[in-house]
Each structure stands twice: as structure tokens, then as C-alpha cells.
Amino acid sequence: SVNDDFWIVIDRDKQSVNDSLLNVVLSFCKTHDYGFGLSSPCFELWFLLHSVDISEESKEYKSALYENRRISLNGGTFVEVELRKKQNSYNKCSPKPERFIKKTGRALKNAKKLGIYSTDKIPTTIICYVYKLIEQIINIEKIKELAKIT
């Protein structure tokens, strides 16, 4: 319908997605009025933001997050290891969203501290625009609740 939104959500994964491809996707989203949910370096950053205010972390920590190197074959990437530390366990194939849902407000706040949503250019830093999509979903749910009341 007219009020529907369409979003393309991408995790950057520097090893497999380059900036020229991201710029094509960004341009496509702007042309078609689609939302663009970039999470850089990976989608797991969104989960980490439920526990960590990255804006308060050291430059070295931020750099390690952005590089997101594989720690070991079985250990996963830097972000995955950090998630395991904060959540006492984390499995990429079964992330258990119920662990994160109660901390969504914190994640929204922490994500905004990394950078405000923009479709002007592809950021070259840690960023998580997933928050903008989550905010829209929350707003839709609030509107539905108000419609039930009136």
C-alpha cells in the first residue's frame, strides 16, 4: 500500500562487499525511496550495541571492531567473540533474539551515538543504521495500538 516501506539491510563484511557495490545499492535506495540499513562491519554489531556503548570505547577497540578479523577458525570474528563475552554465549546460527529484545532502547541510543542515519554517502567507520528500521517498526506498532484505542 501507499504507506508501506521497503528496506534493504546490508552488513558490510569488508571481505566480500566493496564500497562501489554499496554505492550502487545506496543510489538505488535513494532513487526508489527505499530505506537503507547498513551495519558496518557486520550485522552482529547491532546485537553488540544492546550491551556496549561503542562511542565510549577506545580508538583501538573501535579499530578492532571495524576490522572485525577472524580470531580463529572456531572462534569467529572479533565482533562475535565480543558478543560471546557480553552475552555469556552467542551462536550466529541461533542468535536467540529474546536475549536482546528488552535492551532494544539501549541499542537504539548506542547506535545513534555512532552516527545519525544518512543516505548521502557510505560511511567509512563503524555504523549501524539498523536502528532507523527498528524505530520505524516501533512507531508502526504504536500507531496500531492508538488505532485500537480510538
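Residues numbered from 1 in each chain as written. Predicted model: local features only at pLDDT ≥ 70, side-chain atom pairs only at ≥ 80, totals over all residues. Heavy atoms only, no water.

(A) Representation of the pattern of salt bridges in the model. Counting across every chain of the model gives 8 salt bridges. Among the salt bridges present, the one from Lys113 reaches Asp53, with a minimum N-O distance of 2.6 Å. A residue pair is termed long-range when its members are at least 10 positions apart, and Lys113 in helix 5 (residues 104–114) and Asp53 in the loop between helix 2 (44–48) and helix 3 (59–67) qualify at 60 residues. Owing to a relative accessible area of 40%, Lys113 belongs among the partly exposed residues under this scheme. The buried category is assigned to Asp53, whose relative accessible area is 17%. Glu80 is the partner of Lys92 in a salt bridge, and the nearest nitrogen-oxygen pair spans 3.3 Å. Of this pair, Lys92 sits in the loop between helix 4 (78–87) and helix 5 while Glu80 sits in helix 4, placing them 12 residues apart in sequence. Taking relative accessible area as the criterion, Lys92 reaches 52% and is therefore assigned exposed. Accessibility expressed as a relative area gives 6% for Glu80, which makes it buried. Each of Glu44, Glu80 and Lys92 takes part in a single network of salt bridges with overlapping partners. (Salt bridge = Lys/Arg side-chain N within 4 Å of Asp/Glu carboxyl O. Helix = DSSP H or I, 4+ residues; strand = E, 2+ residues; numbered from the N terminus. Buried < 20%, exposed > 50% of the residue type's maximum accessible area, 1.4 Å probe, protein only.)

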